[in-house]
Amino acid sequence: AIERCAEEKGLNRERPRLRPITDGICDEHAYFSSHPKIMFILKEPYDEYTSGWRPKGGGWSMTKDYMNHPEEILKGIYPTTYYVAKTAQAILERDFTRSRFTETKKTDAETYGILRYIAYINLSKMPADTLTGKDSTFREKYMDWKDIVHAQIKTCNSDMIVCGGTFSLLKEHEPLFNPERIEEAASYNNGSIPAYTWTYYGKERLVIDSYHPS
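Residues numbered from 1 in each chain as written. Predicted model: local features only at pLDDT ≥ 70, side-chain atom pairs only at ≥ 80, totals over all residues. Heavy atoms only, no water.

We now examine the overall build of the chain. Of the regular secondary structure elements, the chain holds eight helices and eleven strands. Scored against the burial criterion, the 214 residues of the chain give a buried share of 48%. Taking as baseline every contact in the chain between residues at least 6 positions apart, the subset at least 24 positions apart corresponds to 69%. When the accessible surface of the chain is split by element, carbon and sulfur atoms take 48% of a total near 11,500 Å². (Helix = DSSP H or I, 4+ residues; strand = E, 2+ residues; numbered from the N terminus. Buried < 20%, exposed > 50% of the residue type's maximum accessible area, 1.4 Å probe, protein only. Contact = heavy atoms within 4.5 Å. Areas by Shrake-Rupley, 256 points an atom, 1.4 Å probe, with all protein chains shown as cover.)

Printed below as a string of structure tokens:
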């Protein structure tokens, strides 16, 4: 569906070649047996750039070609992936301590094994244009993928959703946001990271509105 959407909306390019980067779950058994089931929703993936810093590449899978092979991650570590892995460890591993959070190394392949137990999606599936895209421009990118993103949210059926700078866009559209189904549950770190309880398809979930997955 991701590849079909990119083709139908004319998002694919040939010079330089540009294709979507698929995402979701890299190990269904591990994810659906984990507790809680966590989904990270981030903005957009990164791939290679031309000499003029225009995006190129794509056509590979975030969950199969990257996240499912920790040894491959070490060849080109994205800082965001590292922070997602550390946060997922802190939530899912019962013996995870504050000191281990500090000691977890970006260059240790074991750090990334936890990614098999989470869902990881981006609001845009195309390789990112710049590292600091404006929200107004990004909103247009998200609208290309909105139906697929909402289908992913429904299919993954997460207990907890960690939004990395994406909640402001998601809450504008059903099914994520509905004043009758979502309410503020708590605020952490002096109110800078609000959390919400969200009732969706008869199930109460936790939605965290963080600026970044770290």
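Our next topic: the side chain of D47. Mapped onto the fold, D47 is located in the loop between β4 (38-42) and β5 (48-49). There is no salt bridge for the buried D47, and the closest opposite charge comes from R17, which lies 8.0 Å off by N-O distance. In terms of polar contacts, D47 uses its side chain to reach the backbone amide nitrogen of G58, at 2.4 Å. Aside from chain neighbours lying at most four places away, what touches D47 is I21, K56, G57, G58, W60, Y78 and P127. (Lys, Arg positive; Asp, Glu negative; His and termini not counted. Salt bridge = Lys/Arg side-chain N within 4 Å of Asp/Glu carboxyl O. Polar contact = N/O pair within 3.5 Å; in protein donor to acceptor, adjacent residues only side chain to side chain.)

It is worth spelling out helix α5 (residues 79-92) at this point. Between its first and last C-alpha, α5 extends 20 Å over 14 residues, near the 20 Å set by a 1.5 Å rise per residue. Of the residues making up α5, those classed as buried are T81, Y82, V84, A85, K86, T87, A88, Q89 and L92. On its buried face, α5 is in contact with β4, α3 (62-66), α4 (70-73), α6 (98-103) and β7 (119-122). (Expected span 1.5 Å × (residues − 1).)

Of all five residues in strand β8 (residues 160-164), five are buried, a share of seventy percent or more. Here β8 shows no split at all, with M160, V162 and G164 on one side and I161 and C163 on the other all buried. Inspection of the sheet shows β4 paired to β8 by four bridges, in the parallel sense. In the strand pairing of β8, I38 is matched with M160. As paired strands, β8 and strand β11 (residues 203-210) are joined by five bridges and run parallel to one another. Opposite V162, over in β11, you have I208 as the bridge partner. (Pairing = 2+ DSSP bridges.)

Before going further, it helps to examine the environment of H69. You can see H69 is positioned in the loop between α3 and α4. Sequence separation of H69 and Y112 is 43 residues, and the distance between their C-alpha atoms is 8.4 Å.

This paragraph deals with the packing of aromatic side chains. Going through the model one piece at a time under the given rule, you end up with six aromatic pairs. With 5.4 Å between their ring centres and 50° between their planes, Y49 and W53 make a pair best called tilted. For W53, a relative accessible area of 62% puts it in the exposed group. For the ring pair Y82 and Y83, a centre distance of 5.4 Å and an interplane angle of 50° mean the geometry is tilted. For Y82, a relative accessible area of 9% translates into the label buried. Ring-pair connections join several aromatic residues into one group, and the members of that group are W60, Y66 and Y78. (Phe/Tyr/Trp six-rings, centres within 6.5 Å; stacked < 30°, edge-to-face > 60°.)

For the structure on display, the rule yields nine salt bridges. Salt-bridge contacts for E14 lead to R19; the nearest nitrogen and oxygen are separated by 2.6 Å. Residue classification places E14 among the exposed residues on the basis of a relative accessible area of 54%. With its nearest N and O atoms 3.6 Å apart, the salt bridge here joins D159 to K37. Separated by 122 residues along the polypeptide, D159 in the loop between α7 (135-156) and β8 and K37 in the loop between α2 (28-33) and β4 bring together distant segments of the chain. Overall, D159 belongs to the buried group, its relative accessible area being 18%. Residue K37 is classed as buried on the basis of its relative accessible area of 11%. In the salt-bridge network here, residues are joined through shared partners; they are K37, D159 and K203.

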